[in-house]
Amino acid sequence: DLADFHDLHKNQLSIITFNYDRSLEEYLYRTLCATHSTRKAEVPALLKRIRILHVHGDLGPLDWQSTAPRGRPYHPHPTDHDILNASLHLPTIHEAQAENFAEARPLLGARPRIVFLGFAYDKTNMINLGGHAICSDTNMVHCSALGKSAEEIRDIQRKYLPKAHFDPAGCASLQFLRNIPALDD
């Protein structure tokens, strides 16, 4: 529905990812283009309104994200030139920690609902994200736990996320999201 398309910019969605790849951005782009084919030209500007932060850097802009010659299409066969350009967007872990984690912490703190999806809860990453400060009396934190034992979940809660709601069934990502109370509340 076109009304929903134009209201997408009103969302409060921010995505913090530890992945370098751009598959999420490409998925959102292709999905919106397919469902709103008459508005394809508007999709890149609309997607710029969703903050997607790659804390460890990314592989550079996609062709639809950039008017500069550095944007490249999403495909599985990069040229040597594509690989060189992608490497320019990958900071060292220390560079990423200083700038990107500093940007991630207020994104987490400002949200009434936080969802950790497909996340390993690594000690360094949890500390860099703010640890105990992630959970507050004003937000609700939902955590996927696929492959985590009850003991591992208790340990994560004790160390970093004391008020978080962990998925007790250890569901795959899609089922986990379906089990969370409506995200548009």
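Residues numbered from 1 in each chain as written. Predicted model: local features only at pLDDT ≥ 70, side-chain atom pairs only at ≥ 80, totals over all residues. Heavy atoms only, no water.

Undergrad: Any chance you could explain the pairing of strand S1 (residues 14-17) here in plain terms?
TA: Along any regular strand the residues' side chains alternate between the sheet's two faces. What you see with S1 is a clean split: Ile15 and Thr17 sit on the buried side and Ser14 and Ile16 on the side with no burial. Where S1 lies against strand S2 (residues 51-54), 4 bridges are found, and the strand directions are parallel. Opposite Ile16, over in S2, you have Leu53 as the bridge partner. (Buried < 20%, exposed > 50% of the residue type's maximum accessible area, 1.4 Å probe, protein only. Helix = DSSP H or I, 4+ residues; strand = E, 2+ residues; numbered from the N terminus. Pairing = 2+ DSSP bridges.)

Undergrad: Teacher, can you tell me more about the packing of aromatic side chains here?
TA: A ring pair, where both rings are aromatic, is described by two values, the distance of the centres and the angle of the planes. Scanning the entire structure with this criterion turns up 7 aromatic pairs. With 4.3 Å between their ring centres and 5° between their planes, Tyr29 and Trp64 make a pair best called stacked. Here Trp64 lies in the loop between S2 and helix H4 (80-87) and Tyr29 lies in helix H2 (residues 23-35), a separation of 35 residues in the sequence. Exposure class is identical for Tyr29 and Trp64. Each is buried. Measuring from ring centre to ring centre gives 5.1 Å for Phe116 and Phe119, while their planes differ by 35°; the resulting arrangement is tilted. With a relative accessible area of 13%, Phe119 lands in the buried category. Each member of the aromatic cluster is reached from another via a ring pair, and the members are Phe18, Phe101, Phe116, Phe119, Tyr121 and Phe166. (Phe/Tyr/Trp six-rings, centres within 6.5 Å; stacked < 30°, edge-to-face > 60°.)

Undergrad: Could you clarify how one ought to interpret H2 in this entry?
TA: In an α-helix, one turn spans 3.6 residues; hence positions three or four apart end up facing the same way. In a regular helix each residue adds 1.5 Å, so 13 residues correspond to 18 Å; H2 covers 18 Å between its end C-alpha atoms and thus fits that length. Those residues of H2 that sit buried are Glu25, Glu26, Tyr29, Leu32 and Cys33. All buried residues of H2 project into a common sector of 140° when viewed along the axis, lining one side. Exposed side of H2, more than 90 degrees from the buried face: Tyr27, Ala34 and Thr35 are the residues found there. (Expected span 1.5 Å × (residues − 1). Arc of directions from axis to C-beta.)

Undergrad: Sorry if this is basic, but what is going on with the pairing of strand S4 (residues 140-143) here?
TA: Direction of pairing for strand S3 (residues 113-116) relative to S4: parallel, over a ladder of 4 bridges. Paired with Ile114 across the two strands is Val141, which belongs to S4. In this fold, the crossover linking S3 to S4 by way of helix H6 (residues 123-129) has right-handed handedness. Alignment of S4 against strand S5 (residues 165-166), held across 2 bridges, turns out to be parallel. Counterpart to His142 in the pairing with S5 is His165. (Right-handed = clockwise from strand over helix to strand, strands pointing away.)

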